[in-house]
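# Observations on the three-dimensional arrangement
Spelled out, the chains give:
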Amino acid sequence: MKKQILFLGFIFFMLISCYKQERNCSDFKTGKFEFSQVIDGKKQTTIFQRTDKFQIETYNGKTDTASVRWVSDCEFVLEKLHPKSMQDKKQISMKILSTKDKTYTFEYSFVNDEKKQTGVATKTN
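For clarity, every value in this text was computed on a predicted model and none was experimentally measured.

## A look at the overall build of the protein chain
Regarding its fold elements, the protein chain presents two helices and eight strands. Ordered by position from N to C terminus, the α and β elements of the protein chain give α-β-β-β-β-β-α-β-β-β. Within the protein chain, the fraction of its 125 residues that count as buried is 22%. In the protein chain, the share of contacts with a sequence separation of at least 24, taken over all contacts with a separation of at least 6, comes to 25%. Total accessible area on the protein chain is roughly 9400 Å²; 55% of this is exposed by carbon and sulfur atoms.

Encoded structure:
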């Protein structure tokens, strides 16, 4: 009985250790993207263009520009160039968790904030 449990445990461990989510972050460092989320029961879409140094976002007809500072291959920090409030002054930490085809799953939060949210962005060009 112990041998069977050890064998099954070994097989389970091998299967889990072999599974690795794709992360081709360099494919998503620049380009034009789209991100949708549901806010108050309505689907809201943000379109953004990211270059090596800047990200220009359009949401609800308003355009904002943020600087982009890459921390690692899959992590970067956004800082609005022209903040209009204290909330806008907070930097946003972004981490690409996985990539697939033209999409990437990411995690984001304000810098030094433990509350993290996730989303999926689609590269449109």
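So much for the structure itself; the text now carries on.
## Notes on the nonpolar core
Ranked by size, the top nonpolar core spans 16 residues in total, and within it Phe48, Leu78, Met94, Ile96, Tyr104 and Phe106 carry the most contacts. Those elements that provide at least two residues to this core are β1 (31-39), β4 (62-72), β5 (75-80), β6 (92-100) and β7 (103-110). Among the elements that line this core, the one with the most residues is β7, at three residues. Not counting the four nearest positions on each side in its chain, methionine 94 is found in contact with Cys74, Glu75, Phe76, Leu78, Phe106, Glu107 and Tyr108.

## Description of unusual backbone geometry
The backbone phi angle of aspartate 101 is positive, close to 50°, even though this residue is not glycine. Position of aspartate 101 relative to the elements: it lies in the loop between β6 and β7. What makes aspartate 101 exposed here is its relative accessible area of 69%. Even without being glycine, asparagine 112 reaches a positive phi, approximately 70°. With respect to the secondary-structure elements, asparagine 112 resides in the loop between β7 and β8 (117-123). Its relative accessible area of 80% is what places asparagine 112 among the exposed residues.

## Remarks on the state of the cysteines
What the rule picks out here adds up to one disulfide. Here cysteine 25 is linked by a disulfide to cysteine 74, with a sulfur-sulfur distance of 1.9 Å. Because the torsion about its S-S bond is 100°, the bridge between cysteine 25 and cysteine 74 counts as right-handed. Pair noted here: cysteine 25 is in the loop between α1 (2-18) and β1 and cysteine 74 is in the loop between β4 and β5, with a separation of 49 residues, a long-range link. Like cysteine 74, cysteine 25 is buried.

## Things to note about the pattern of salt bridges
Tallied over the full model, the rule gives three salt bridges. One salt bridge in this structure joins aspartate 88 and lysine 80, with 3.5 Å as the shortest N-O distance. The network of salt bridges with shared partners includes Asp64, Lys80 and Asp88.

What counts, and at which threshold
- Residues numbered from 1 in each chain as written.
- Predicted model: local features only at pLDDT ≥ 70, side-chain atom pairs only at ≥ 80, totals over all residues.
- Heavy atoms only, no water.
- Helix = DSSP H or I, 4+ residues; strand = E, 2+ residues; numbered from the N terminus.
- Buried < 20%, exposed > 50% of the residue type's maximum accessible area, 1.4 Å probe, protein only.
- Contact = heavy atoms within 4.5 Å.
- Areas by Shrake-Rupley, 256 points an atom, 1.4 Å probe, with all protein chains shown as cover.
- Core = buried A, V, L, I, M, F, W, Y, C linked by side-chain atoms within 4.5 Å.
- Disulfide = S-S within 2.5 Å.
- Salt bridge = Lys/Arg side-chain N within 4 Å of Asp/Glu carboxyl O.

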